[in-house]
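Chain by chain, the residues run as shown.
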Amino acid sequence: MGLINFTTRVVRSYLVGKDQDFSFKATRDIDFVSINETGLYLHIPFCKNICPYCPYNKIKYDKKWVGPYVSSLLSEIEQYYNRFGRLEITSIYIGGGTPTTLINELGTVLDKIRERFNVTGDICVETNPGDLNQNIINSLNDYGVDMVSLGVQSFNDRYLQLLGRSYHCDILNYTIEMLLSSDFKSINLDLMFALPGQTLPQLERDLERAVASGVNQVTAYPLFSFPYSTIGQYQKLKKVKMPNFAVRRKMYRALHSFFLNQGFRRVSVWGFMRGEAPRYSSVTRDHYIGLGAGAGSHIPGCFFLNTFSVPEYINRCTSGHLPVVMSIDFTELLTIYYWLYWRLYDTHIPKIQLYELFGEDNAKLKLLLGLISVLRMADEDENKITLNERGAFWLHLMQNYFSLNYINKVWTAAREEPYPEKISI
């Protein structure tokens with residue numbers, strides 16, 4: 001990890017200069033710039049079943065927290081309304097945790113969002129098969145949810161048990177059929193690969209079942225063990241434990257070829273789609289405001305985080321304060337590279353926007369694009385630069401070693417201390 005940290009510092013210094021401070025610092029409020037539109041992220045941390053590998057901010061479902069948490073969400077919405085007025089909300093993403101554990105309360109929160117803001121984009125929610133039934137699906141339709149991501153993870157009971165999932169694979173076809181027969185624009189399935197002991201034939205059977213299910217999108221990603229997850233604490237990990245490189249390379253090449261041969265197209269490093277339904281994505285919004293415990297926000301010039309502690313989140317909101325506890329300022333140059341990072345994640349970089357932001361004679365951009373070309377990682381036409389399979393895999397690898405290292409540092413500290421003073425990344 002020492003080499004990775006050194007390489008990170010050198011690359012960051014070269015690309016964005018020494019004016020950018022890569023530290024999250026204690027913050028209790030934000031000096032907001034004026035904005036007219038933004039995405040919205042809503043975090044529901046409750047789970048009825050805690051999966052040991054899951055790294056996300058979550059707590060075991062307890063009814064005593066539900067009322068206070070929902071009231072705090074409503075207070076947070078009101079506070080942002082007081083600061084910004086009637087913003088245009090270009091998308092809503094609801095994650096967790098398991099958002100559908102609060103299916104009755106979600107309607108109240110979405111009603112409040114619509115009351116205070118002008119929602120013009122799609123509403124997306126994630127859930128898992130063990131927490132889904134027809135009544136919940138009907139409620140999501142009633143609330144105007146447009147897209148659903150179902151965390152299947154595997155169609156093999158052995159791996160479902162290893163992951164700590166509360167359901168068996170025999171319910172999956174029925175659950176997916178319920179979703180497909182409802183009024184959603186797009187259904188995404190999440191699958192994991194490079195699971196401990198998983199063979200290539202086992203992965204291929206998972207892929208075959210995912211495609212045969214009839215969904216229009218599949219997102220496949222490797223399993224990572226984070227130090228602060230249950231399994232990470234059990235294994236006494238000090239850093240993110242990556243899957244075996246050779247296994248990951250072989251499996252990514254196999255799944256990439258499989259989806260393209262089945263008529264899917266790649267829409268991100270991990271995601272593959274077929275048909276004309278809109279794309280489901282949780283992470284590629286340029287600007288968004290996060291609501292809930294542990295939610296992050298990115299507005300022009302700043303990225304900030306809410307406290308991860310559910311009790312402290314409730315305390316802050318009920319006392320009339322935003323639950324923000326940490327922030328990092330973005331220079332104009334870092335903002336541009338942040339945009340490029342997510343376009344690389346999409347694996348498609350539109351040239352018009354690229355050169356509008358960087359300029360066609362930008363030496364650092366030329367070096368970066370030249371390196372991608374020399375390493376045969378992308379194809380190019382007059383409109384865009386598109387990563388190929390090789391480029392997508394190596395980008396995913398760099399994201400794993402660099403981005404996950406940042407996430408690990410920030411989330412570890414935020415989970416240990418509700419109000420961290422400083423976290424250097």
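Keep in mind it's a predicted model, so treat the numbers as computed, not measured.

Draft legend 1. Main features of the sheet that holds strand β19 (residues 384-387). The three strands are arranged β17-β19-β18 in an open sheet whose pairing can be described as antiparallel. Edge positions in the open sheet fall to β17 (348-350) and β18 (378-380), since each of these has one partner strand only. Taking each pair of neighbouring strands and ignoring which way they run, the sheet shows an average axis angle of 15°.

Draft legend 2. Structural detail: helix α3 (residues 103-116). Counted at 1.5 Å a residue, the expected span for α3 with its 14 residues is 20 Å, and the 21 Å between its end C-alpha atoms agrees. Looking only at α3, the buried set comprises I103, L106, G107, V109, L110, K112, I113 and R116. On its buried face, α3 sits against β2 (37-44), α2 (63-84), β5 (88-96), β6 (118-119), β7 (123-127) and α4 (134-142).

Draft legend 3. Spatial organisation of the pattern of salt bridges. Summed over all chains, the structure comprises 14 salt bridges. Across the pair D29 and R83 runs a salt bridge whose closest N-O atoms are separated by 3.2 Å. Placement of D29 in the loop between β1 (23-26) and β2 and of R83 in helix α2 is noted, with a sequence separation of 54 residues between them. A relative accessible area of 36% means that R83 is categorised as partly exposed.

Draft legend 4. Focus on the pairing of β1. Relative to strand β20 (residues 422-424), β1 is paired through three bridges, and the arrangement is antiparallel. Looking across to β20, one finds that S23 is bridged to S424. Two elements, β1 and strand β16 (residues 324-329), share two bridges in a ladder whose sense is antiparallel. By the bridge assignment for β16, A26 is matched with M326.

Draft legend 5. Looking closely at the environment of K422. In this structure, K422 sits in strand β20. Residue K422 is classed as exposed on the basis of its relative accessible area of 53%. Sequence separation between K422 and K25 is 397 residues, and the spatial gap between their C-alpha atoms is 4.5 Å. Discounting chain neighbours no more than four positions away, the residues touching K422 are S23, F24 and K25.

Draft legend 6. Representation of unusual backbone geometry in the model. Of note, the amide linkage connecting G96 to G97 takes the cis form, showing an omega dihedral of 25°. Position of G97 relative to the elements: it lies in the loop between β5 and α3. A positive phi angle, near 60°, is found at A194, a position not held by glycine. As for its position among the elements, A194 is in the loop between β9 (186-193) and α7 (200-212). Looking at A194, the relative accessible area reads 10%, which means it is buried. If you check the backbone angles, T347 has positive phi at about 70° while not being a glycine. Structurally, T347 can be placed in the loop between α11 (332-346) and β17.

Draft legend 7. Just the packing of α2 against helix α10 (residues 310-318), in detail. It is the contact of α2 with α10, at a shortest axis distance of 9 Å, that shows an interaxial angle of 45°. With respect to their mutual orientation, α2 and α10 come out oblique. For the element pair α2 and α10, the recorded crossing hand is left-handed. The residues of α10 that touch α2, namely those facing W65, P68, Y69, S72, L73, S75, E76 and Q79, are V310, P311, Y313, I314, C317 and T318.

Draft legend 8. Here's a closer look at the environment of R83. Along the sequence, R83 and L140 sit 57 residues apart, while their C-alpha atoms lie 29 Å from each other. Setting aside residues up to four positions removed in sequence, R83 forms contacts with D29, F32 and L322.

Draft legend 9. Geometry of the pairing of β19. Judged from the three bridges that link them, β17 and β19 form a sheet pairing that is antiparallel. Following the sheet pairing, H348 is matched in β19 by T386. With three bridges joining them, β18 and β19 adopt antiparallel strand pairing. Paired with D379 across the two strands is T386, which belongs to β19. Counting the residues that bridge the hairpin from β18 to β19 gives three residues.

Draft legend 10. Here's a closer look at α10. Considered for burial, the residues of α10 that qualify are V310, Y313, I314, R316 and C317. Projected onto a plane normal to the axis of α10, the buried residues spread over an arc of 165° and lie on a single side. Looking at the packing, one finds that the buried side of α10 touches β4 (59-60), α2, β15 (302-306) and β16. N-cap assignment for α10: the residue whose side-chain oxygen lies 3.2 Å from the backbone N of E312 is S309.

Draft legend 11. Looking closely at the packing of aromatic side chains. Tallying each qualifying case throughout the model produces 25 aromatic pairs. On the basis of an interplanar angle of 20° and a centroid distance of 6.0 Å, the ring pair of Y41 and Y93 is categorised as stacked. Of this pair, Y41 sits in strand β2 while Y93 is found in strand β5, placing the two residues 52 residues apart along the sequence. Y93 carries the same exposure label as Y41, and that label is buried. With a centroid separation of 5.5 Å and an interplanar angle of 70°, the aromatic rings of F330 and Y338 are classed as edge-to-face. Y338 matches F330 in its accessibility class, with the two residues each being buried. By the ring-pair criterion, three or more aromatic residues cluster together here, those being F330, Y338, Y341, W342 and Y345. Directly above the ring of F22 sits R12, whose terminal nitrogen or CZ lies 3.9 Å from the centroid. Directly above the aromatic system of F393 lies the positively charged group of R249, at a separation of 4.3 Å from the ring centroid.

Rules and cut-offs
Sequence order sets the numbering: in each chain, residues are counted from 1 along the sequence as written. Under the rules for a predicted model, residues below a pLDDT of 70 receive no local features and side-chain atom pairs below 80 are neither given nor counted, while totals for whole chains, interfaces and linings still include all residues. Remark: hydrogens and water are excluded; side-chain values derive from all non-hydrogen atoms of the structure. Any two strands between which DSSP finds at least two bridges are classified as paired. Per the convention used, a helix needs a DSSP run of H or I reaching at least four residues, while a strand needs a run of E reaching at least two, with both numbered from the N terminus. Axis definition: a line fitted to C-alpha atoms, limited for helices to the stretch in contact. Angles are taken between N-to-C directions and run from 0 to 180 degrees. Here the expected length of a helix is defined as 1.5 Å per residue gap, with one fewer gap than residues. To sort residues, take the accessible area from a 1.4 Å probe on protein chains only and compare it with the maximum for the residue type: under 20% means buried, over 50% means exposed, and anything in between is partly exposed. Contacts were defined at the residue level, with two residues in contact if any of their heavy atoms lie within 4.5 Å. Here, a salt bridge means any side-chain nitrogen of Lys or Arg that lies within 4 Å of a carboxyl oxygen of Asp or Glu. With respect to orientation, any angle under 35 degrees is reported as roughly parallel, any angle over 145 as roughly antiparallel, any angle of 65 to 115 as roughly perpendicular, and every other angle as oblique. Left-handed is the label given to a crossing in which the near helix is rotated counterclockwise from the far helix by less than a right angle, and right-handed is the label when the rotation is clockwise. The directions considered for the arc are those from the helix axis to the C-beta atoms. Definition of a polar contact: a pair of N or O atoms within 3.5 Å, with one able to donate and the other able to accept a hydrogen when the atoms are protein atoms, and with sequence-neighbouring residues admitted only if both atoms are side-chain atoms. Pairing of aromatic rings covers Phe, Tyr and Trp, the last counted by its six-membered ring, and requires centre-to-centre distances within 6.5 Å; plane angles under 30 degrees mean stacked, over 60 mean edge-to-face, and any other angle means tilted. Over a ring means this: the NZ of a Lys or the CZ of an Arg is within 6 Å of the ring centre and within 35 degrees of the ring normal.

Remember, this is a structural readout, not a statement about activity or role.
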